[in-house]
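Secondary and tertiary structure notes
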Amino acid sequence: MKRVITYGTFDLLHYGHINLLRRAKALGDYLIVVVSSDEFNRDEKHKKCYFTYEQRKALVEAIRYVDLVIPEQSWDQKRSDVHEYHVDTFVMGDDWKGKFDFLKEEGVEVVYLPRTPEISSSRIKRDLYDANAVENENRPDLSQIDTNP
Ligand code: C2G
C-alpha cells in the first residue's frame, strides 16, 4: 500500500484544494492530510481562519480521496510524520516548490503539483468583502423615510 501525505490549512474549502487532494490520492492508495491547528495558523502562519480546526478537519474528512486527517502543530513535524505514518510520497502545491526537498533524506518521494490558478481562501474572502461593500453602497438610505403609519 503506497501512502501519501500532504499538509495545509484548508480554510473555506474550495476546488483548488479538491484538485490537489484528488491528484495526491492518485499517487498512491492511502492519503493522510495534516490540517493546520488553530494555534499553528495563528502563531506560525499568521492566518486567521474562518472555520475552526475541528470544522476544517470534518470537511476534509468528508472528501472521498482522504483516508486520515491529523493536526499540523509545528513546521518541524514533517520529518517524524513521514516515519510515524510510513509515508512513501510527500505532496504539496508548487507554491512550496523546493521548500520540503529535505524530506528526500528521509527516503520519501517529494512531489510538487501545479496549483489551481485564481482560487484561494484569501481571494474568496476579498471578493465577498468587495461584493458586500458594493451591495451596501447601492442599498437605499431608508433612514430619511418616515415609516410611522
Ligand atoms: N492549493 C492549490 N491550489 C490552490 C490553492 C491551494 O493547489 N488554488 C494547494 C496548496 O498548494 C497546498 C494545499 O492546497 O498544497 C493547501 O493549501 P492551503 O490551505 O493554503 O495551505 P498552506 O497555507 O499552503 O499550508 O506545512 C505546510 C503548510 O501547512 C501548507
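What comes next is a walk through the structure. (Residues numbered from 1 in each chain as written. Predicted model: local features only at pLDDT ≥ 70, side-chain atom pairs only at ≥ 80, totals over all residues. Heavy atoms only, no water.)

Topic: helix H3 (residues 53-61)
Residue pairs three or four apart in sequence face the same way in an α-helix, which turns once every 3.6 residues. Those residues of H3 lying buried are Tyr-53, Arg-56 and Val-60. For H3, the buried positions fall inside an angular range of 70 degrees around the axis, keeping them on one side. (Buried < 20%, exposed > 50% of the residue type's maximum accessible area, 1.4 Å probe, protein only. Helix = DSSP H or I, 4+ residues; strand = E, 2+ residues; numbered from the N terminus. Arc of directions from axis to C-beta.)

Brief notes about the environment of Val-91
Its location among the elements puts Val-91 in strand S4 (residues 89-93). When the C-alpha positions of Val-91 and Leu-21 are compared, they lie 9.1 Å apart, and in sequence the two are 70 residues distant.

Some thoughts on the packing of aromatic side chains
Counted by the stated rule, this structure contains seven aromatic pairs. Geometrically, the ring pair formed by Tyr-50 and Phe-51 is edge-to-face, given 5.0 Å between the ring centres and 80 degrees between the ring planes. Relative accessible area serves as the criterion here: at 61%, Tyr-50 is assigned to the exposed category. These aromatic residues form a ring-pair network of at least three members: Tyr-7, Phe-40, Trp-75, Phe-90, Trp-96, Phe-100 and Phe-102. A cation over an aromatic ring shows up here: Lys-78 above the ring of Tyr-7, its NZ or CZ 4.7 Å from the ring centre. (Phe/Tyr/Trp six-rings, centres within 6.5 Å; stacked < 30°, edge-to-face > 60°. Lys NZ or Arg CZ within 6 Å of the ring centre and 35° of its normal.)

Some thoughts on the site of the ligand
Among the 21 residues in the neighbourhood of the ligand, the closest are listed as Lys-47, Glu-72, Asp-95, Thr-116 and Ile-119. Backbone polar atom of Phe-10 to an oxygen atom of the ligand: 2.8 Å apart, as the coordinates give it. Between the ligand and Gly-93, the relevant distance is 2.9 Å, taken from an oxygen atom to a main-chain nitrogen or oxygen of the residue. Taken together, the residues of the shell around the ligand sort by class into seven nonpolar, eight polar and six charged. (Near = heavy atom within 4 Å. Polar contact = N/O pair within 3.5 Å; in protein donor to acceptor, adjacent residues only side chain to side chain. Nonpolar A, V, L, I, M, F, W, Y, C, P; charged D, E, K, R; others polar.)

Regarding the sheet that holds strand S1 (residues 3-8)
Read from one edge of the open sheet, five strands run S3-S2-S1-S4-S5, paired in parallel fashion. What marks the edges here is a single partner per strand, and that holds for strand S3 (68-72) and strand S5 (109-113). For this sheet, the mean inter-axis angle between neighbouring strands, taken without regard to orientation, is 25 degrees. Judged from the five bridges that link them, S4 and S5 form a sheet pairing that is parallel. Note on S5: the bridge partner recorded for Val-91 is Val-111. Along the sheet, helix H1 (residues 15-25) makes contact with S1, strand S2 (30-36), S4 and S5, crossing S2 at roughly 145 degrees. (Pairing = 2+ DSSP bridges. Axes fitted to C-alpha atoms, helices over the stretch in contact; angles between N-to-C directions. Contact = heavy atoms within 4.5 Å.)

Remarks on the pattern of salt bridges
A full pass over the atoms with the stated rule returns 12 salt bridges. Here Lys-25 ties to Asp-67 by a salt bridge, and the two come within 3.1 Å at their closest N and O atoms. Here Asp-67 lies in the loop between H3 and S3 and Lys-25 lies in helix H1, a separation of 42 residues in the sequence. Ionic contacts of the salt-bridge type, sharing partners, join the residues Arg-79, Glu-105 and Glu-106 into one network. (Salt bridge = Lys/Arg side-chain N within 4 Å of Asp/Glu carboxyl O.)

Quick look at the pairing of S1
Summarising burial for S1: six of the six residues are buried, a large majority. Here S1 pairs with S2 via six bridges, running parallel. Residue pairing across strands places Tyr-7 opposite Val-34, the latter belonging to S2. Taken together, S1, H1 and S2 form a β-α-β motif whose crossover is right-handed. As judged from the three bridges shared by S1 and S4, these two strands associate in the parallel manner. Along S4, the bridge assignment pairs Thr-6 with Val-91. (Right-handed = clockwise from strand over helix to strand, strands pointing away.)

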